[in-house]
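Descriptive structure summary
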Amino acid sequence: AQKVTQAQTEISVVEKEDVTLDCVYETRDTTYYLFWYKQPPSGELVFLIRRNSFDEQNEISGRYSWNFQKSTSSFNFTITASQVVDSAVYFCALTSGQGAQKLVFGQGTRLTINP
Amino acid sequence: EAGVAQSPRYKIIEKRQSVAFWCNPISGHATLYWYQQILGQGPKLLIQFQNNGVVDDSQLPKDRFSAERLKGVDSTLKIQPAKLEDSAVYLCASSLAEGRINYGYTFGSGTRLTVV
């Protein structure tokens, strides 16, 4: 069975602080993909990153960075120098197995950046 | 490329009424998904289609929900009769995969259903 746990329900920080969103996953498959999505108040799911299980390199994209650690089954997301526009609900998601498989989401973390 | 199209954007119905949602996936995407997102929760898969065949409908409340994907392109999700707990956002997504490689998912803007 596949499972994604985002233990942080809500996080609130002041603008310009760094913030890390945690994601722990469970799967028995050796081939899997991990995703992060942003859901702003408008409701659409905005794709942020896709990472496959064979690539453990960390990734940085502007103020965003992701730390993938297979040893702890974690795929954490850090926002550096947060901005008010980063306020949203963030979802970590997992799909495993080969080909087109369903995406299993965590419960989400609501991030509020205060000015 | 055009995204995943969904309609309507919003719908308000009374309990025990019926409602239908429509989704048109990205051209060429063989796999289509319907997700239900209840307020404060992550999206949960209702049904997955591969072309016009059902791959996974284990979480679909089949006594009231039905879905079809005729001709393997667009899809319709129906609820009849609706209950108060069906109030949620219904998200449609499509994906492209070749062999072992999953190229990711594209989500529509969703239909926000309110049952009163």
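See the structure printed just above.
Residues numbered from 1 in each chain as written. Chains lettered and ligands numbered in written order. Predicted model: local features only at pLDDT ≥ 70, side-chain atom pairs only at ≥ 80, totals over all residues. Heavy atoms only, no water.

Thoughts on the state of the cysteines
All names here are of chain B. Using the following cut-off: Two cysteine sulfurs form what is called a disulfide whenever their separation falls within 2.5 Å. Segments assigned H or I by DSSP are reported as helices when at least four residues long, segments assigned E as strands when at least two residues long, and all are numbered from the N terminus. Accessibility here uses a 1.4 Å probe with only protein chains present; expressed as a share of the type maximum, an area under 20% marks a residue as buried, one over 50% as exposed, and anything in between as partly exposed.
Within the structure shown, the criterion is met by two disulfides over all chains. Here Cys23 connects covalently by a disulfide to Cys92, the sulfurs 1.9 Å from one another. Between Cys23 and Cys92, the S-S dihedral sits near -70 degrees, and the bridge is therefore left-handed. One end of the pair, Cys23, is in strand β3 (residues 19-24); the other, Cys92, is in strand β9 (residues 88-98), and 69 residues separate them in sequence. Judged by its relative accessible area of 0%, Cys23 falls in the buried class. By relative accessible area, Cys92 is classed as buried at 0%.

A word on the sheet that holds β3 of chain B
Residues and elements named next belong to chain B. For clarity, the cut-off: At least two bridges found by DSSP between two strands are what make those strands a pair. Here an angle of 0 to 180 degrees is reported between the N-to-C directions of two axes, which are lines fitted to C-alpha atoms, with helices fitted over the stretch in contact.
Reading across the sheet, the four strands line up as β1-β3-β8-β7 and stay open at both edges, with antiparallel pairing between neighbours. At either margin of the open sheet sits one strand with a lone partner, and together these are β1 (5-7) and β7 (65-68). Ignoring which end each strand starts from, the neighbouring axes of this sheet average 15 degrees apart. With five bridges connecting them, β3 and strand β8 (residues 75-79) associate as antiparallel partners. By the bridge assignment, Trp22 is partnered in β8 with Thr76.

Digging into the side chain of Asp86 of chain A
Residues and elements named next belong to chain A. Our working definition: Polar contact is the term for a pair of N or O atoms within 3.5 Å; when the atoms are in protein, one must be able to donate a hydrogen and the other to accept it, and sequence-neighboring residues count only if both atoms are side-chain atoms. By definition, residues are in contact when any of their heavy atoms lie within 4.5 Å.
Residue position: Asp86 is located in the loop between β9 (74-79) and β10 (88-96). Relative accessible area serves as the criterion here: at 1%, Asp86 is assigned to the buried category. A polar atom in the side chain of Asp86 sits 3.4 Å from the side chain of Tyr64. Once you skip the residues sitting within four places of it in the chain, Asp86 turns out to touch Lys38, Arg63, Tyr64, Ile79, Leu111 and Ile113.

A word on the interface of chain B and chain A
How we decide: For any pair of parts, buried area is found by adding up, for both, the accessible area (1.4 Å probe) each one loses once the two are put together. Salt bridge, as used here, is a side-chain nitrogen of Lys or Arg placed within 4 Å of a carboxyl oxygen of Asp or Glu. The residue classification treats Ala, Val, Leu, Ile, Met, Phe, Trp, Tyr, Cys and Pro as nonpolar and Asp, Glu, Lys and Arg as charged. All others, Gly included, are polar.
At the junction of the two partners, chain B supplies 24 residues and chain A supplies 20 residues. For the pair chain B and chain A, the summed buried surface comes to about 1900 Å²; carbon and sulfur atoms form 51% of the total. Along the contact surface separating chain B from chain A lie one salt bridge. Asp56 of chain B is the salt-bridge partner of Lys102 of chain A, the closest N and O atoms lying 3.6 Å from each other. Across the contact surface, chain B and chain A share six residue pairs in polar contact (both at pLDDT 80 or more). Listed by contribution, the elements that provide at least two residues to the side of chain B that touches chain A are β4 (31-37), β5 (44-50), β9 and β10 (101-107) of chain B. In terms of residues, the side of chain B that touches chain A owes the most to one element, β10 of chain B, which gives six residues. Taken together, the residues of the side of chain B that touches chain A sort by class into ten nonpolar, eleven polar and three charged.

Focus on the pattern of salt bridges
A side chain of one charge can pair with a side chain of the opposite charge when the charged atoms of the two come close. Residues and elements named next belong to chain A. According to the stated counting rule, one finds six salt bridges over all chains in the structure shown. As a salt-bridge pair, Arg51 and Asp55 come within 3.8 Å of each other at their nearest N and O atoms. Under the relative-accessibility criterion, Arg51 is labelled buried at 5%. Through salt bridges with shared partners, a single ionic network connects Arg51, Asp55 and Glu59.

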